[in-house]
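# Inside the fold
Below are the chains, spelled out letter by letter.
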Amino acid sequence: MASQFQQQEAALKEQAAHPNGVAAPADKISAVFPFGVPSTVASINGSSYTTAQTLVEQVAYTLSDRLFTYSPETFDLDNAVRYWASKSQQNGRGIATSVEPMETRLGAANVLLGYIFGEKAAQSKVAQSIIASSATLTSMRSAIDQLALLYSMSSPFVAHIAAADYEVSSGKLVTDYVSALNVAQETGAGLISSFSSHEAQHMALFATLAATVLPTVHIYDGVRVARESVKVIDILDQSGLQGVFSSVSSEQDGKVDQVTKVNRVLRSLNAELGTAYSFFEYEGHEDAESVLVVFGSVESSLASQIAASLAKGGEKVGVIAVRVYRPFAEAAFLQALPKTVKRIAVLGQVQNELAVNDATIQSALFTDVVAAVTMSDVYSLPPPIVDVKYARAHTWSPKEFAWIFDQIARKSSVSVAIPADALTTDALALDSFVSLADDASAKQYSFWNIDDANSAPAAAAVAKVLSGLDNTVSYSAVYDNVAVAGAIHSEIRTSRKSVDAPFHIEGADVSFVGDLQLLKEYAVTATTKVGGAIVLKATIKAEDFEKKLPAAFRKELAAKNISLTLLEVAEDASAAVENVLVQLAFFKTVGIAPAPFKLSTINQDTEAVKKASELIDAALTQVTVAKEWASEAVEGSLPAAPQANAFTVNAEKHESEPSAILRSSQSAAQALCFKEAFSVESALRPDLPVKNFVVKVKANKRLTPTSYDRNIFHIEFDLTGTGLTYEIGEALGIHAHNDTEDVNRFIATYGLNASDLVQVPSKDNAEILEVRTVFQALQQNIDIFGKPPKKFYESLAEFATDLDEKKALLAIAANAVEFKRRSEVDFVTFADLLLEFKSAHPAFPDLAKIVSPMKRREYSIASSQKVSPNEVHLLIVVVNWTDPQGRDRFGQATRYLSTLSVGSELVVSVKPSVMKLPTESTAPLIMAGLGTGLAPFRAFVQYRAWQKEQGLEIGPVLLYMGSRHKSQEYLYGEEWEAYVDAGIVTLLGCAFSRDQKEKIYIQDKMRGDLEEIRQAYLEQKGSFYLCGPTWPVPDVAAVLEEAIKKNADLENKKVDVTRELEELKEAGRYVLEVY
């Protein structure tokens, strides 16, 4: 009798021989989309596992003859339609839809306008469609605006928009509804929202039908909902979609307003589908006194479910989920609102946390709700309405909605964040998914892994296996490209009925962790339920548990009675075997025994399944969790959920650096003699990514006495013939050299030949080699006398041939205290380390790779090019100190500059700055500079003097300067006094802190001139600038806040002085350049 494995092998061959039977499985299962993309658009129908994005693409492809897509490379918004189009698959009208991938840029969709307004298109009722992200929608605004004005002359237009954008400030992917709401408000375009994957197809169809009335945007959550794999029932196939579209669109006629037309479309659609969709959908107590109004996929789904649950318990709360935001049907909204309502809260998305905290900013939805309620005849005294704002980056949980409903009823203000003391022990223990599912058999599983690990697809394979059992399954995966240089977190839920649960798992029955490092990045135990299980892929000896398992992890294992199983995978195991071992370890933990045939079909590797099945029992080790671990002392906390900041693996971590090559000087001679044959070109510092110039020193003068302990000097550079230009407030980048004697000393000690050549691949093109001598590289490129980071100790250890030195280097890298002592007390340099650990002796090309490159140092320019067209001036203090060993230490760039003689050449570049003058010459300037922080203000004053010479009226100039002693540090003192005499500087406040018994600082001088500052800064709308060290910032800000308070008192206004100062900063009138 054939074995089970032989039977499954035969079945796989049979399947491959008859591809028209069951669709052949993918070559490799996707870690994100376990059920893949349907190979044919015609195959989508009935009940199946899919994503909202796939269903949206099906509708767009079926009901359009031309489809424009704006999908960022990793967003996967058009994968299906592009594939179907490449195979010339037919749409609902029997022709192949043309799919045009486009790039997002300003004016996006303008190309579509020409097509929509074309003669043939304008006569057609076939929708012209766009698939894009919300980031693209803003760029389409002008095109949609034009379209809305001339819509009667165009063919129908619908945009299916995945609400997804990358927010730089939060460093994560955000669900962006703000862009769609604003575009709809500004252009009058229709805006329709999908609440979940289960209705995504219907809403895409509805939006396409509504597009026969007005240009329409269909929006849905593009971060979670669009990408989550769920089982959707009663999916319409292509003929069903085309049939409903034709039937509903043929019924629409008559000259009525847009609201009535769209409402007729929706009623007709409901009749065709047997659904009950409406503009505004109410859920909750029939006599609700507190009502929450929401917009958005996750927001509508969770708020409705929580309201229904609370209403069952007798709570008089309800929610209105806005399905059609534009046109906003005020009558329909008021009809949906319970007559018993006493308080309304509007959950409105705004751009960011700054907007959340800004009382002057209202959410778009709030303004519409206020208008509908206050302008109606329903209420003699309208119920109070509160704007509950939240940022795009906010990630929702069901508990937050329960908290919001609780506040609406009890408080005058409503916040989104739940205070730590607001949750009871019972509330913390309550699992939201289990409660919503109302199903004792519901299970949740969490997989944490390195994004490109061999076992990364294991979670998706598990989901496919589970989907073949009795319960329904949902699957979601997100990438965090920051933690461990790339992690993937996958979540699986199973229950008897499908449950909308677009939130992170709170209590996993089983959590799998694919790498020990992940336990240092995430609080895996925080999202594993009490009494749950964790499977950790790691090889750890019993005696090393406490050493290798983080204390916080051990503590929670014991406190929550979580079992721990180790999965040991042999180093020589193949990727396929490792992947299957993870799957088998999971199934053993949950007590499920999948058929080997099923695993082989999903993994496409019978031998790997067979081998893993033989190894699995020996690979698993149960860890005894010590009770004592519960009392572990733990500091700090880790995130319980990943930071979703990418839609794919972190490809950058695998970018390999081409190797450098060391050659003799003879090679250079050959290359220089035969330039064409060797493709040799000369370039000025090709290693630097900025435009560079060679300038000459024109003057170099020390401004402080030689007996003074601080060497502050003024240096001027001749720009004649260089083409270098600069603006007021910009900085000059100095590409300094290491000291020649220090370089020669290191070359001799390390055993190098100064004239040997090192060839380094260009940063811009690895095929181009940049060539320089060893001496040149050490003097100009390699920061050999800089401070090494921890990573250098680890890199250097790889070259150590002495085992003790290797261990010592690694120990320093692992010991924060020792590393800090070496870095900040002893000031150990790269060169010091190389000479200390003599067995760690990398060859020079390797040294060039592991030692940090030298960075340019930037100094504020102390001159105006209007006054000195061929010069640029700097004001610099030499940085120097003595280390604990008695060695003199210097700042590399300041030492280099201080020793330059007149006529010396050096490489410089220009860097833009935040220090910008107001556009109006009459705008007052208030400047505060400490020490060399006076540099940009010298340029400012020179420029104002030049403006006055040109006959322009100039505003007041208030200059405050701070230093220790007037006799030694009155920098540019004679110039300032001359400018005062000339009427350029109207107030000069000098704070010499140590010239009297009581120290006087710059803020003290400013406080003494508070009235003058108030008038110049606030009455005359001046700008304030501070340049120098960071320490006086709070005190200087306090003086400005006093001026703001005084000004408000004079105007009989109440102001938040901190907020006012922040607004001045946003307006460019409070500028700090501190270091």
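Residues numbered from 1 in each chain as written. Predicted model: local features only at pLDDT ≥ 70, side-chain atom pairs only at ≥ 80, totals over all residues. Heavy atoms only, no water.

### Re the side chain of Glu730
Worth spelling out the cut-off: Working definition: helices are DSSP H or I runs of at least four residues, strands are E runs of at least two. Numbering for both runs from the N terminus. When checking whether two residues touch, look at their non-hydrogen atoms; a contact exists if any pair is within 4.5 Å.
Of note, Glu730 is situated in the loop between strand 26 (712–718) and strand 27 (731–735). Setting aside residues up to four positions removed in sequence, Glu730 forms contacts with Ser860, Ile861, Val910, Lys911, Pro912, Ser913 and Lys916.

### Remarks on the packing of aromatic side chains
Threshold: Stacked, edge-to-face and tilted are the three classes for Phe, Tyr and Trp ring pairs, Trp counted by its six-membered ring, which pair at centre distances within 6.5 Å; planes under 30 degrees apart are stacked, over 60 edge-to-face, the rest tilted. Residue burial is assigned from relative accessible area. The probe radius is 1.4 Å, only protein chains are included, and a residue is buried under 20% of its type maximum, exposed over 50%, and partly exposed in between. Whether a charge lies above a ring is judged from NZ of Lys or CZ of Arg, which has to be within 6 Å of the ring centre and within 35 degrees of the ring normal.
Scanning the entire structure with this criterion turns up 28 aromatic pairs. Relative to Phe647, the ring of Phe75 lies with its centre 4.8 Å away and its plane at 90°, an arrangement referred to as edge-to-face. With Phe75 in the loop between strand 2 (64–70) and helix 3 (79–86) and Phe647 in the loop between strand 23 (620–623) and strand 24 (661–663), this residue pair connects regions lying 572 residues apart in the sequence. With respect to burial, Phe75 and Phe647 carry one shared label: buried. A network of ring pairs unites the aromatic residues Tyr177, Phe280, Phe295, Tyr325, Phe328 and Phe333 as a single cluster. Here Arg326 stacks its cationic end above the ring of Tyr325, 4.4 Å away from the centre of that ring.

### What about the nonpolar core?
Here is the rule: What is meant by a nonpolar core is a set of buried Ala, Val, Leu, Ile, Met, Phe, Trp, Tyr and Cys residues, joined one to another through side-chain atoms within 4.5 Å.
One finds Phe206, Leu292, Tyr325, Phe333 and Leu347 to be the most contacted residues of the largest nonpolar core, which totals 132 residues. The greatest single-element share of this core, amounting to eight residues, is contributed by helix 9 (residues 200–210). One finds Ala459, Tyr479, Val577 and Leu584 within the second-largest nonpolar core, a separate group that totals 43 residues.

### Focus: the sheet that holds strand 12 (residues 290–294)
As a reminder, the rule being used: Two strands qualify as a pair provided DSSP detects at least 2 bridges between them. Angles here are taken between N-to-C directions and fall from 0 to 180 degrees, while the axes themselves are lines fitted to C-alpha atoms, restricted in helices to the stretch in contact.
What the five strands build is an open sheet, ordered 11-13-12-15-16; its pairing is mixed. This sheet does not close on itself; its edge strands, each paired only once, are strand 11 (280–284) and strand 16 (385–391). Sheet twist, expressed as the mean angle between neighbouring strand axes with direction ignored, is 20°. Of the strand pairs in this sheet, strand 12 and strand 13 (residues 317–322) are connected by five bridges, and their pairing is parallel. In the strand pairing of strand 13, Leu292 is matched with Val319. Sitting on the sheet, helix 12 (residues 297–312) is in contact with strand 11, strand 12, strand 13, strand 15 (343–350) and strand 16, with an inclination near 160° to strand 13.

### Looking at the sheet that holds strand 26
Read across the open sheet, the six strands follow the order 30-27-34-25-26-31; overall the sheet is antiparallel. Single-partner strands in this sheet number two, and they are strand 30 (857–860) and strand 31 (871–877). Taking the axes of each pair of neighbouring strands and ignoring which way they run, one obtains an average angle of 40° across the sheet. With five bridges joining them, strand 27 and strand 34 (residues 905–911) adopt antiparallel strand pairing. Residue pairing in the sheet places His735 in a bridge with Val907 of strand 34.

### Let's talk about the environment of Phe693
Its location among the elements puts Phe693 in strand 25 (residues 693–702). It is 8.1 Å that separates the C-alpha atoms of Phe693 and Gly723, two residues lying 30 residues apart in sequence.

### Things to note about the pattern of salt bridges
Heads up, the condition is: Basic side-chain nitrogens of Lys or Arg form a salt bridge, by our definition, when they fall within 4 Å of a carboxyl oxygen of Asp or Glu.
Throughout the structure, instances matching the rule amount to 44 salt bridges. In this structure, Glu632 and Arg554 form a salt bridge, with 2.4 Å as the shortest nitrogen-oxygen distance. Separated by 78 residues along the polypeptide, Glu632 in the loop between strand 23 and strand 24 and Arg554 in helix 21 (residues 551–559) bring together distant segments of the chain. With respect to class, Glu632 is no different from Arg554; both count as buried. Between Asp739 and Arg895 there is a salt bridge, and its shortest N-O distance comes to 3.9 Å. Of the two residues, Asp739 is situated in the loop between strand 27 and helix 27 (740–750) and Arg895 in helix 34 (residues 892–898); the sequence distance between them amounts to 156 residues.

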